[in-house]
Amino acid sequence: MDIETRQAKHIAMIMDGNRRYAKKLHLPAGVGHEKGAEKLSNVIKWCLEAEIKELTLYAFSMQNFHRKQEEVEGLFKLFRKHFAKLNDDKSIIEKKIRIKVVGRKHLFPNDIQESIAKIEEKTKQHDNLTINFAMAYGGREEIVDAARKIASEIKHNEITAEEIDNETFANHLYFKSDPDLVIRTGGDYRTSNFLPWQTVYSEWFFTQSLWPELNKEEFLDILNQFNNRERRFGK
Ligand code: FPP
C-alpha cells in the first residue's frame, strides 16, 4: 500500500487565544495581541531550526474586521509596527526568508499596504523559508475571488469552462501550496474559514495552550506526532 510518512515542509497556524491570555492576566486585550505578535519571532526560529520551508499564519480574518473599532485599530497599529520591524530586520535577508501576505490586502489602510508591498518586493527572491501572512483573509472569500477571476477569463475567451479542473482552479487562488499540518492554539476545534481548499489532506493539531503560551517543546512534540502519522491521501 502506498502510505506516506514524512517530514513536514509546510506548516499552517491558527494563532488563537490572544485575548483570553490577556484576560487571564487581567490585562487589556491589546496586550494579548502584542504578546501574540512577539511569539512570532520564536515560531519563525523554531521553523528554521526544523528546516520547515513554508509557514502560513492566520493573522487577521475577514470576520475580524467586524470586531470593535478600538480593537481593529489596535491590530492595525501592531501590523504597522511589526511590518516596519520586518522591513528593517537584517536576519530576514541573512536567513533568506520570503514574506508574503495573502488575502484582500486592498482593505487595509494605504500605509500598511505599502509596508507589505515593500517587504514582499525586498524578499521575493528568497527561498529558505516562505512566510505567508493570511490577512484580510477568508477561505470562502478566496474561493469566491478565484471564481470571479475564472469567470472574467471565460468572458474574455482566455479559457473555456471545460478547461477548469482542480489544477486550474488552484492556480487562481491566493496561493497554491497545501500545508502538511495545521496547528490551532486556544482549545477550540474548528477551522474558522482558514484554507478550506488547501487543507483537505492536512493533518490537524489542536492545543489547549493559548497562542502566546505556545512553547518549543509543544511545537516539537506536534512535529514528532506528525512524523508518526500515516498519510494516505485517500488511497
Ligand atoms: C486571535 O486571537 C488572534 C488574532 C485575531 C490576531 C492575531 C495577530 C497576531 C498574533 C499578530 C500578527 C502580527 C503580524 C505582524 C501580522 P483572539 O483575539 O481571537 O483571541 P481569543 O480567542 O482569546 O478571543
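Residues numbered from 1 in each chain as written. Predicted model: local features only at pLDDT ≥ 70, side-chain atom pairs only at ≥ 80, totals over all residues. Heavy atoms only, no water.

Student: Explanation requested: the pairing of strand E2 (residues 54–61) in the structure shown.
Tutor: For E2, a buried count of 7 out of 8 residues is recorded, marking the element as mostly surrounded by other parts of the structure. Bridge count between strand E1 (residues 10–14) and E2: 5 bridges; the pairing is parallel. Counted as the bridge partner of Met 13 is Leu 57 from E2. Of the pairings in the sheet, the one linking E2 to strand E4 (residues 129–137) comprises 7 bridges and is parallel in character. Bridge pairing in E4 links Tyr 58 to Ala 134. (Buried < 20%, exposed > 50% of the residue type's maximum accessible area, 1.4 Å probe, protein only. Helix = DSSP H or I, 4+ residues; strand = E, 2+ residues; numbered from the N terminus. Pairing = 2+ DSSP bridges.)

Student: What is the right way to look at the packing of helix H2 (residues 29–49) against helix H3 (residues 69–88) in this model?
Tutor: How two helices pack is summed up by the angle between their axes together with the distance between the axes. At a minimum axis distance of 10 Å, the contact between H2 and H3 shows a crossing angle of 30°. By the angle between their directions, the pair H2 and H3 is classed as roughly parallel. Seen along the crossing, H2 lies across H3 with a hand that is right-handed. Contacts between H2 and H3 involve His 33, Glu 34 and Ala 37 from the first element and Glu 71, Leu 75, Leu 78 and His 82 from the second. (Axes fitted to C-alpha atoms, helices over the stretch in contact; angles between N-to-C directions. Parallel < 35°, antiparallel > 145°, perpendicular 65-115°, else oblique. Left-handed = near helix turned anticlockwise from the far one by under 90°. Contact = heavy atoms within 4.5 Å.)

Student: Is there a simple way to explain the sheet that holds E4 in this structure?
Tutor: Within a sheet, each strand pairs with its neighbour through backbone hydrogen bonds, oriented either parallel or antiparallel. Taken in spatial order, the 6 strands make up an open sheet running E3-E4-E2-E1-E5-E6, and their pairing is parallel. Every other strand in the sheet has two partners, leaving strand E3 (97–102) and strand E6 (203–206) as the edge strands with one partner each. Geometrically, the sheet is characterised by an average inter-axis angle of 20° between neighbouring strands, direction not taken into account. Here E1 pairs with strand E5 (residues 181–184) via 4 bridges, running parallel. Residue pairing in the sheet places Ile 14 in a bridge with Arg 184 of E5. Across the sheet, H3 lies against E2, E3 and E4, angled at about 150° from E2, the strand it touches most.

Student: Would you explain the packing of H3 against helix H5 (residues 110–122) in this entry?
Tutor: Taken N-terminus to C-terminus, the directions of H3 and H5 make an angle of 25°; their axes are 10 Å apart at the nearest point. The angle between H3 and H5 places the two elements in the roughly parallel class. Crossing of H3 over H5 shows left-handed handedness. Where H3 approaches H5, its residues Phe 76, Phe 79, Arg 80, Phe 83, Ala 84, Leu 86, Asn 87 and Asp 88 are matched on the opposing element by Asp 111, Ile 112, Ser 115, Ile 116, Lys 118, Ile 119 and Lys 122. For the contact of H3 with H5, a count of residues per class yields 8 nonpolar, 2 polar and 5 charged. (Nonpolar A, V, L, I, M, F, W, Y, C, P; charged D, E, K, R; others polar.)

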